[in-house]
Amino acid sequence: MSDTASSPTPQRVLVTGGNRGIGLAIARAFADAGDDVVVTYRSGEPPEGLQGVRCEVTDTASVDAAFDEAEQLLGGPVEVLVANAGITRDGLLMRMSDDDFDAVLQANLAGAFRCARRATKGMIRARKGRLIFISSVSGLTGAPGQANYSASKAGLVGLARSVARELGGRGITANVVAPGFIETDMTAALSQDVRDGYVATIPMRRFAQVEEVAGVVRFLASPAAGYVTGAVVPVDGGLGMGH
Ligand SMILES: NC(=O)c1ccc[n+]([C@@H]2O[C@H](COP(=O)([O-])OP(=O)(O)OC[C@H]3O[C@@H](n4cnc5c(N)ncnc54)[C@H](OP(=O)(O)O)[C@@H]3O)[C@@H](O)[C@H]2O)c1
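Bear in mind that the values here come from a model prediction, so they are computed numbers and not experimental data.

Comments concerning unusual backbone geometry
Consideration 1: Non-glycine residue Arg-127 carries a positive phi angle of around 55°.
Consideration 2: Checked against the element boundaries, Arg-127 lands in the loop between helix H3 (98–126) and strand E5 (129–134).
Consideration 3: One non-glycine residue with positive phi stands out, namely Arg-205, at about 55°.
Consideration 4: Looking at the element boundaries, Arg-205 is found in the loop between helix H7 (192–201) and helix H8 (210–221).
Consideration 5: Given a relative accessible area of 52%, Arg-205 falls into the exposed group.

Laid out in structure tokens, this is it:
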């Protein structure tokens, strides 16, 4: 499927943390294909040309209110959830505070859980739905300095696979996308030396463009992926092979 392929039937899509980075690319890919898209954003303004609702994923009331608002804008229940919002608070284990651990687990894992729980209300009734969780290669391989982040991203695999088993009979799929190094604000901040060091370990010898993650997410939401559930799909240039 090419990036420009349109969806056979427009779907109602919600992307969390869709105001920048990977989330924004995912939201634009769905919108460009003719789907009805709402992004959640935490601060500032929604991105140009996309509908947005404010949402803090660490707060259940905020998540539930954001879904209510999004479903008004979309004209019906969310059919595709992309749980993308996430943070890092890197540090070595010995120096990692409880707060740094909890904050990352709350945003990345519990935040995705809150969104999935709310999204499935409408999906169960409709007897169809797609849940797509944005994890990370770090969740599969582990990464020094990322005990909190890797634990949260590994947790998404257990979350998705439990939901896949629980709700498969209702026509709902739950899959995980595990990106490696992607060209975003975060990786743009790396020094050339550090970047070169990472690139040398990646079989594809480059970082990915955000659109390369978006294409895989769109595939998982498409009819072609109707029988794919509980899968972990790496988009990492081969970095995490075997995990
Ligand atoms: N970049 C990479 O190389 C890479 C690699 C593997 C996995 N990932 C994962 O891919 C996802 C997107 O990454 P990115 O690089 O695009 O990140 P980003 O540019 O830092 O964007 C993160 C998004 O999540 C939102 N967010 C964070 N905490 C939130 C909270 N508590 N409530 C609501 N929204 C919140 C942010 O909102 P604000 O704008 O308000 O901060 C922002 O929209 C993340 O889950 C990340 O872990 C990224």
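Past the structure itself, the notes keep going.
Points about the environment of Leu-24
Consideration 1: By secondary structure assignment, the location of Leu-24 is in helix H1 (residues 21–32).
Consideration 2: By relative accessible area, which is 18% here, Leu-24 ends up buried.
Consideration 3: Distance from Leu-24 to Glu-48, taken between C-alpha atoms, is 10 Å for residues 24 residues apart in sequence.
Consideration 4: Every residue in contact with Leu-24, bar those within four places of it in the chain, is listed here: Gly-17, Gly-18, Asn-19, Pro-47 and Leu-50.

Here we look at the site of the ligand
Consideration 1: The immediate surroundings of the ligand are formed by 27 residues, with Asn-19, Arg-42, Glu-56, Asn-84 and Tyr-149 found nearest.
Consideration 2: Between an oxygen atom of the ligand and a main-chain N or O atom of Gly-17, the distance comes to 3.2 Å.
Consideration 3: Between the ligand and the protein, one listed contact pairs an oxygen atom with a backbone N or O atom of Gly-180 at 3.5 Å.
Consideration 4: For the ligand, whose unbound accessible area comes to 900 Å², protein coverage reaches 93%.
Consideration 5: At the level of elements, H1, helix H5 (147–167) and helix H6 (185–188) are the ones that each hand at least two residues to the shell around the ligand.
Consideration 6: Its residues placed into classes, the shell around the ligand shows eleven nonpolar, twelve polar and four charged.

Some points on the sheet that holds strand E7 (residues 232–235)
Consideration 1: With respect to topology, seven strands assemble into an open sheet ordered E3-E2-E1-E4-E5-E6-E7, the strand pairing being parallel. Looking at strand neighbours, the two that pair on one side only are strand E3 (51–54) and E7, the edges of this open sheet. When strand polarity is set aside, the average angle formed by the axes of neighbouring strands in this sheet is 20°.
Consideration 2: Bridging between E5 and strand E6 (residues 172–179) involves six bridges; their strand directions are parallel. Following the sheet pairing, Ile-132 is matched in E6 by Asn-175.

Side note on the nonpolar core
Consideration 1: Residues Leu-14, Phe-67, Leu-81, Met-123, Leu-131, Phe-133 and Ala-174 are the most contacted members of the largest nonpolar core, which totals 30 residues.
Consideration 2: Elements represented by at least two residues in this core include exactly helix H2 (60–74), strand E4 (80–83), H3, E5, H5 and E6.
Consideration 3: No other element matches the seven residues that H5 contributes to this core.
Consideration 4: Leave out the neighbours within four places in its chain, and Phe-133 touches Ala-83, Ala-112, Ala-116, Leu-156, Leu-159, Ala-160, Ala-174, Asn-175, Val-176 and Val-177.
Consideration 5: Ranked by size, the runner-up nonpolar core spans 27 residues in total, among them Ile-22, Val-39, Ile-134 and Val-213.

Things to note about the side chain of Ser-136
Consideration 1: Of note, Ser-136 is situated in the loop between E5 and helix H4 (137–141).
Consideration 2: At 3.0 Å, the side chain of Ser-136 forms a polar contact with the backbone nitrogen of Ser-138.

Focus on the UniProt feature "domain: Ketoreductase" (unreviewed entry) in the protein chain
Consideration 1: In the numbering used here, UniProt assigns the "domain: Ketoreductase" (unreviewed entry) feature to residues 11–185.
Consideration 2: Between the first and last C-alpha atoms of residues 11–185 the distance is 29 Å; the span itself is 47% helix and 18% strand.

Some thoughts on the packing of aromatic side chains
Consideration 1: By the definition in use, this model includes two aromatic pairs.
Consideration 2: With a centroid separation of 4.4 Å and an interplanar angle of 25°, the aromatic rings of Phe-181 and Tyr-198 are classed as stacked. Linking Phe-181 in the loop between E6 and H6 with Tyr-198 in helix H7, this pair joins segments that are 17 residues apart in sequence.
Consideration 3: For Tyr-198, a relative accessible area of 33% gives the class partly exposed.
Consideration 4: Centroid distance Phe-181 to Phe-207: 5.1 Å. Interplanar angle 15°. Geometry classified as stacked.

Rules used in this analysis
- Residues numbered from 1 in each chain as written.
- Predicted model: local features only at pLDDT ≥ 70, side-chain atom pairs only at ≥ 80, totals over all residues.
- Heavy atoms only, no water.
- Helix = DSSP H or I, 4+ residues; strand = E, 2+ residues; numbered from the N terminus.
- Buried < 20%, exposed > 50% of the residue type's maximum accessible area, 1.4 Å probe, protein only.
- Contact = heavy atoms within 4.5 Å.
- Near = heavy atom within 4 Å.
- Polar contact = N/O pair within 3.5 Å; in protein donor to acceptor, adjacent residues only side chain to side chain.
- Areas by Shrake-Rupley, 256 points an atom, 1.4 Å probe, with all protein chains shown as cover.
- Nonpolar A, V, L, I, M, F, W, Y, C, P; charged D, E, K, R; others polar.
- Pairing = 2+ DSSP bridges.
- Axes fitted to C-alpha atoms, helices over the stretch in contact; angles between N-to-C directions.
- Core = buried A, V, L, I, M, F, W, Y, C linked by side-chain atoms within 4.5 Å.
- UniProt positions renumbered as here; feature names shortened; annotations may be inferred.
- Phe/Tyr/Trp six-rings, centres within 6.5 Å; stacked < 30°, edge-to-face > 60°.

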